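The chain contents come next:
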Amino acid sequence: MVDYLIEATKRPWMSIYLRILAFVFAYGAIVHFSNIAGFGEMPWLETPLTWRIGDVFYGILDTAAVIGLWQRQVWGIGLCLVGILSQFIIYTVFIDYFAFTPDQRQTIYGLLGTEAILVLILTTLLLLKK
């Protein structure tokens, strides 16, 4: 399986897509670190604890994923999937701890929809033959 993934990362379309994913995850990391720096909608220390934990965790995870995706490494794909799947879990099962207004829920649902599309494209490219 790992050999298949290594081979898949060398395909031209997969290589391009992994670089696109790296930009998407870089944007996510910038958002999380911007929140920590106080550029969010409210001062970071006044945000709920779940938001602060998420900012630190996903800021680090997204940064590591960017490095792996840009280098077209299998571990970068793994970190990407860990980030996306963990967000699906916390934003569906524990959404009441992260979204307190209808606008926040709408933003989270948009994020999850975008991530579902990203995973669908990644899966399609992984399943395609040369």
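What counts as what
Residues numbered from 1 in each chain as written. Predicted model: local features only at pLDDT ≥ 70, side-chain atom pairs only at ≥ 80, totals over all residues. Heavy atoms only, no water. Helix = DSSP H or I, 4+ residues; strand = E, 2+ residues; numbered from the N terminus. Contact = heavy atoms within 4.5 Å. Axes fitted to C-alpha atoms, helices over the stretch in contact; angles between N-to-C directions. Parallel < 35°, antiparallel > 145°, perpendicular 65-115°, else oblique. Left-handed = near helix turned anticlockwise from the far one by under 90°. Nonpolar A, V, L, I, M, F, W, Y, C, P; charged D, E, K, R; others polar. Core = buried A, V, L, I, M, F, W, Y, C linked by side-chain atoms within 4.5 Å. Buried < 20%, exposed > 50% of the residue type's maximum accessible area, 1.4 Å probe, protein only.

A. The arrangement of the environment of Ile84 in detail. Residue placement: Ile84 occurs in helix 4 (residues 74-93). For the pair Ile84 and Glu7, spaced 77 residues apart in the sequence, the C-alpha separation amounts to 23 Å. With residues near it in sequence (within four places) discarded, Ile84 still touches Phe25, Glu115 and Val119.

B. Inspection of the packing of helix 2 (residues 12-36) against helix 3 (residues 49-70) at higher detail. At a closest axis distance of 8 Å, the pairing of helix 2 and helix 3 adopts a crossing angle of 155°. Relative to helix 3, the element helix 2 is oriented roughly antiparallel. Regarding helix 2 and helix 3, the two cross each other, and that crossing is left-handed. Residue classes in the contact of helix 2 with helix 3 are distributed as 16 nonpolar, six polar and three charged.

C. Structural detail: the nonpolar core. Core analysis: the largest hydrophobic core is formed by 18 residues, its most contacted members being Leu18, Leu21, Phe25, Leu69 and Leu122. Counting residues per element, the ones that place at least two in this core are helix 1 (2-9), helix 2, helix 3, helix 4 and helix 5 (102-127). Tallying contributions element by element places helix 2 first for this core, with six residues. Those residues within four positions of Phe25 in sequence are excluded, and the remaining contacts are Asp62, Ala65, Val66, Leu69, Cys80 and Ile84. The next biggest cluster of nonpolar side chains, apart from the first, holds ten residues, and it includes Leu61, Ile90, Phe98 and Ala99.

D. A look at unusual backbone geometry. The phi torsion at Arg72 lies on the positive side, around 55°, for a residue other than glycine. Judged by relative accessible area, Arg72 falls into the partly exposed class, the value being 31%.

Everything listed here is a matter of coordinates, which is why it stays silent on function.
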